[in-house]
Amino acid sequence: MQRNACVLTGSSTAVIVLACASMPRVEALTLRSELFADGLTSPVHVTAPPGDFNRVFIVEQPGRIRIVKNGSLLAVPFLGIEDLVAFGGEQGLFSVAFHPDYASNGFFYVNYTRRADGATVIARYRVSSNPDVADLSSAFVLLTIAQPYTNHNGGQLAFGPKDGYLYIGMGDGGSSGDPGNRAQSDTSLLGKLLRIDVNSGSPYGIPPDNPGGAWLPEVWAKGLRNPWRFSFDRLMGDLYIADVGQGQREEIDYVPHGTGGGRNYGWRCMEGDLCTGSTGCSCTDPSLTAPLHVYSHALGCSVTGGFVYRGPSIALQGTYFFADYCSATIWSFRVVGGTVSEFTDRTSELTPSSGPAIGSISSFGEDAAGNLYICSLGGRVYAIVASGTTADFDTDGDVDLADFSFYQGCFNGPNRRYAYLQCTVADFDADNDVDVADFAMFADCFNGPNRPPGCA
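The paragraphs below set out a description of the structure included in this document. (Residues numbered from 1 in each chain as written. Predicted model: local features only at pLDDT ≥ 70, side-chain atom pairs only at ≥ 80, totals over all residues. Heavy atoms only, no water.)

## Here's the deal with the environment of Arg234
Thinking step 1. In this structure, Arg234 sits in the loop between β17 (229–232) and β18 (239–243).
Thinking step 2. With a relative accessible area of 31%, Arg234 lands in the partly exposed category.
Thinking step 3. Through-space distance from the C-alpha of Arg234 to that of Pro161 is 5.8 Å; in sequence the pair is 73 residues apart. (Helix = DSSP H or I, 4+ residues; strand = E, 2+ residues; numbered from the N terminus. Buried < 20%, exposed > 50% of the residue type's maximum accessible area, 1.4 Å probe, protein only.)

See below:
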């Protein structure tokens, strides 16, 4: 292997002379879960404003949003609207989405069921002069949707990373078998994925490329039973919709970026890849869109959608994580050419090394650095941590000065430029700190006999 002499100067006066090894990208990694926050009440969503690397926001189903700031759970909630929220079973505060320009306008959006009647409410709030506390008086309701039953409320909000529009997941209205056929009805917002423009109109605008026609103007896709969790690949813009099944199948639907809306995912005629035999259905209708992935109730009973990993670990790039609420099984896969590839059961490696196992997985989450989290409805949030991947941080096929510059930015010292959550890939020894021990391993990637995992 060819080596080139390099002079690397750290923050101290020492000059370290190493041999740079040109080496291919290596995919080995160590994957684990770590307890991130405890003592929560029914956590159901984890997120962060764009570019905010020091805070993580956790939604509690009774009607609160909590902040973990620099590793500590703040006692005062960011938002507390328990008096507005119907909580219990499948009702509550479900998610928060920060405006893409949150840093300048302070807007964020919440999805909850209303205490008075169980209706779905999509409301906008603004942060107060205290960045860790929202302004309750700023509440502005964008959309209210009546709910005929207490279940199947959907609940996810997310801004499209490429178009900036707000997407809203709506369940079919509840009961069993969609008795009102609302998911297929073109006069109902239930059983749909909605897409609105919060930057125009009053109270919102309609994106010009929404499907329209016979569909209500807000509708982007239909034929969904209960899309409790959907997410976008923040890099590619692809959309993953985890739609909770009824009695036999759980499904994940997939929309590649740039292919537009207008899809019909088939419910109540189809449950995953099975025909339900419901009245008025044609399961061979070519206009129906088949799911990307399905699994039977032999493996679980309620899919919990996750995220495509875009955090600091090189080897995990493009990997979609998801789980089942009932079985607490965690899986991952990549999409290659429109099909599932590298399907992996991650349950064992993500089982905590101490404390209770991760159960009742209500949601996954993603922070500003692209790290992923797992919500346990019992009150805990876990971080998915990858370490020992490769010292080729920028994946250019060479461990060089650019990689050393990244390591310097992560090093726990006065010149640190990045938050730890951006730097887990540089924490070779997985001790939650990028320190001298990690530098010794980094140096081994150049010229040492004991190369760490992923360096050889």
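Next comes the rest of the account.
## A short note on the state of the cysteines
Thinking step 1. Tallied over the full model, the rule gives 3 disulfides.
Thinking step 2. There is a disulfide in this structure between Cys269 and Cys281, and the S-S distance comes to 2.1 Å. The sign of the -80° torsion about the S-S bond sets the Cys269-Cys281 disulfide as left-handed. A residue pair is termed long-range when its members are at least 10 positions apart, and Cys269 in the loop between β20 (263–264) and β21 (270–271) and Cys281 in the loop between β22 (274–275) and β23 (293–296) qualify at 12 residues.
Thinking step 3. A disulfide bridge connects Cys301 with Cys326, and the sulfur atoms are separated by 1.7 Å. Highlighted residues: Cys301 in the loop between β23 and β24 (303–304) and Cys326 in the loop between β25 (320–324) and β26 (330–336), separated in sequence by 25 residues.
Thinking step 4. Owing to a relative accessible area of 32%, Cys301 belongs among the partly exposed residues under this scheme. (Disulfide = S-S within 2.5 Å.)

## What about unusual backbone geometry?
Thinking step 1. Cis rather than trans, the peptide bond between Ser202 and Pro203 has omega equal to 5°.
Thinking step 2. Turning to its location among the elements, Pro203 is positioned in the loop between β15 (192–196) and β16 (219–222).
Thinking step 3. Looking along the chain, the bond that leaves Trp267 and enters Arg268 is cis, with omega of 15°.
Thinking step 4. Position of Arg268 among the secondary structure elements: in the loop between β20 and β21.
Thinking step 5. A positive phi angle, near 50°, is found at Asp178, a position not held by glycine.
Thinking step 6. When you line up the elements, Asp178 lands in the loop between β14 (166–169) and β15.

## Remarks on the environment of Val303
Thinking step 1. Within the secondary structure, Val303 sits in strand β24.
Thinking step 2. Those residues within four positions of Val303 in sequence are excluded, and the remaining contacts are Ala242, Asp243, Val244, Glu250, Glu251, Ile252, Tyr295, Phe322, Ala323 and Asp324. (Contact = heavy atoms within 4.5 Å.)

## Topic: the sheet that holds β17
The strands making up a sheet are joined through hydrogen bonds of the backbone, oriented either antiparallel or parallel.
Thinking step 1. The antiparallel open sheet is built from 4 strands, whose spatial order is β17-β18-β19-β23. Both outer strands of the open sheet, β17 and β23, are each paired with one neighbouring strand and no more. Averaged over all neighbouring strand pairs, the angle between strand axes comes to 10°, with direction disregarded.
Thinking step 2. Note: β18 against strand β19 (residues 249–255), 5 bridges, orientation antiparallel. By the bridge assignment for β19, Tyr240 is matched with Tyr254. (Pairing = 2+ DSSP bridges. Axes fitted to C-alpha atoms, helices over the stretch in contact; angles between N-to-C directions.)

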